[in-house]
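The primary structure of each chain is shown beneath.
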Amino acid sequence: MIFKATTPRTRPALRKVRTTAALRPLRHRLDPARVEEIPFRTTDGVRLGLTRVDTGDTGRPAVLLLHGHTASADMFLLPETRNLVDVLLDDGYEPWLLDWRGSCRLPYNETGGRYTYDDVALYDIPQAVSHIRERIGDRPLFVVAHCIGSLTLSLSLTAGLVPGLAGVVSQGVFLTPKLAGRTSLRMSVAGELLKTRIDHIPVDFRKVGLWSRYTPLFALASRKASCPDPTCQILHNSAWGTGASLFVHEHLAPATHDRLAELLGPAPLWILPHLRRIELARSVVRWHDTDHRYRALPPNALDAAGRIDTPVMLLAGSENGLWLDSQRLCHEVLGHRQPQLDVSYTEIPGYGHLDTFLGRGAALDVFGHILEFLGGRR
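What counts and what doesn't
- Residues take numbers from 1 onward in each chain, read along the sequence in its written order.
- At least 70 in pLDDT is required for a residue's local features to be given in this predicted model, at least 80 for side-chain atom pairs to be given and counted, and no such filter applies to totals for whole chains, interfaces and linings, which use all residues.
- Here the side-chain values reflect all heavy atoms present in the structure, with hydrogen atoms and water set aside.
- Per the convention used, a helix needs a DSSP run of H or I reaching at least four residues, while a strand needs a run of E reaching at least two, with both numbered from the N terminus.
- Radius of gyration means the value over C-alpha atoms here, while the globule rule gives 2.2 Å times the residue count to the 0.38 power.
- Each residue gets one of three labels from its accessible area relative to the maximum for its type: buried under 20%, exposed over 50%, partly exposed in between, using a 1.4 Å probe on protein chains only.
- Throughout, a contact is declared for two residues whenever any of their heavy atoms are within 4.5 Å.
- Per-residue and other accessible areas follow the Shrake-Rupley method at a 1.4 Å probe size, with only the shown protein chains counted as cover for residues.
- In this tally Asp and Glu are treated as negative and Lys and Arg as positive; neither His nor the chain ends contributes.
- Where a charge sits is defined by one atom per residue type, namely NZ (Lys), CZ (Arg), CG (Asp) or CD (Glu).
- We call a set of buried Ala, Val, Leu, Ile, Met, Phe, Trp, Tyr and Cys residues a nonpolar core when their side-chain atoms join them within 4.5 Å.
- Aromatic pairs are defined between Phe, Tyr and Trp rings, using the six-membered ring for Trp, whenever the two ring centres lie within 6.5 Å; interplanar angles under 30 degrees are classed as stacked, those over 60 as edge-to-face, and all others as tilted.
- Any Lys NZ or Arg CZ that is within 6 Å of a ring centre and within 35 degrees of that ring's normal is treated as a charge sitting over the ring.

Below, the discussion takes up the overall build of the protein chain. Regarding its fold elements, the protein chain presents 14 helices and 10 strands. Scaling as 2.2 N^0.38, a compact globule of 378 residues should have a C-alpha radius of gyration of about 21 Å, and the protein chain matches this with 21 Å. In terms of its C-alpha atoms, the protein chain occupies a principal-axis envelope of roughly 90 × 45 × 45 Å. Looking at the protein chain as a whole, 58% of its 378 residues are labelled buried. For the protein chain, restricting intrachain contacts to residue pairs at least 6 apart in sequence, the fraction spanning at least 24 positions comes to 75%. Accessible area for the protein chain stands at about 16400 Å²; split by element, carbon and sulfur atoms hold 53% of it. Charge-centre separation for the protein chain: the mean point of 44 positive side chains lies 9 Å from the mean point of 39 negative side chains.

Right under this line is the structure:
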């Protein structure tokens, strides 16, 4: 008897995701010998990345740069434009860049243990500041923070976990988050409808492919989009499906536009409950109410704003399609509730959210305001 050989059924290949905590290499045009990578673990066991740009001058003030959620330190080092690190180096500062646990250079948004913004405020930022201070001694330390990096920094500041900073530049949002009504609604509805099917929203259509569970999200983001690039559509036209916009399209250089999938990673849906609580409160509120480990953080950062002991510049583009006029609102609220604080507000005409750092003209239109603020306090 002749038996016909059969091919055993195989399960479809799983999507490849990074499971190692090793950081993806930074892209920059600096001399590699000047870029010092300092990986470290927080006290709750999470490996992060800290990068120092060696200036050869040990007397310079230091500036810590904090990226937004799903971005990374790469956003401050764009080799195709004159970036913020270039400007800081030329003006006499020593840049430090933190890749906190929301960085797309790390795998935590797709794999690994889940976290809330409490963890970033309690562990990531204070311990990075501690590492930097061990190296710089009594030199001034400034912080320039973007988006969620700024939001979580506000929680660290009002908890008294990073005292004695020389100054803070907060871009996009700080103590009073404000989203458009449709963005808030989509975030709430999508979070409930999708949480049993997916745990993150990708941005690189080439990785997920046409026949995937994510295709409807990309299709929805493409409606009325002027750019044919799916990654641009889900970021510029939809902000991970929320209906917001992350940048003014014409401000990006072609090379930056082509790198969007590298500069911004997948957005985890499991962070939405904390983000929704923050947005509904119109303040940065603590997520963990019963876990004693987080008692150092104030329940409501706005109520504890009197503990901020450093000058703050609130920076925002006039066309911010994500956080709207959150920074103007914050300036008004703090002026009324905490008039003793040194808080200023600067609005960049014609700019959106991310293009305040990624824009090809940011060195001319934005960075001068940052240098003026830092220079007045160094």
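This part is about the nonpolar core. Ranked by size, the top nonpolar core spans 124 residues in total, and within it L64 and I370 carry the most contacts. Considering each element in turn, this core owes the most residues, 10 residues, to helix α2 (residues 117-136). Residues within four places of I370 in sequence aside, it is in contact with L84, V144, V169, M313, L315 and F357.

Turning to the packing of aromatic side chains, a few remarks are in order. Scanning the entire structure with this criterion turns up five aromatic pairs. Look at Y93 and F142: their rings are 6.2 Å apart centre to centre, the planes differ by 85 degrees, and that puts the pair in the edge-to-face class. Placement of Y93 in the loop between α1 (84-90) and β4 (94-99) and of F142 in strand β5 (residues 141-146) is noted, with a sequence separation of 49 residues between them. F142 shares its class with Y93; the two are buried. Through pairs of rings, three or more aromatic residues link up here, namely F76, F357 and F367. A cation over a ring is seen here: R378 above Y93, with NZ or CZ 4.4 Å from the ring centre.

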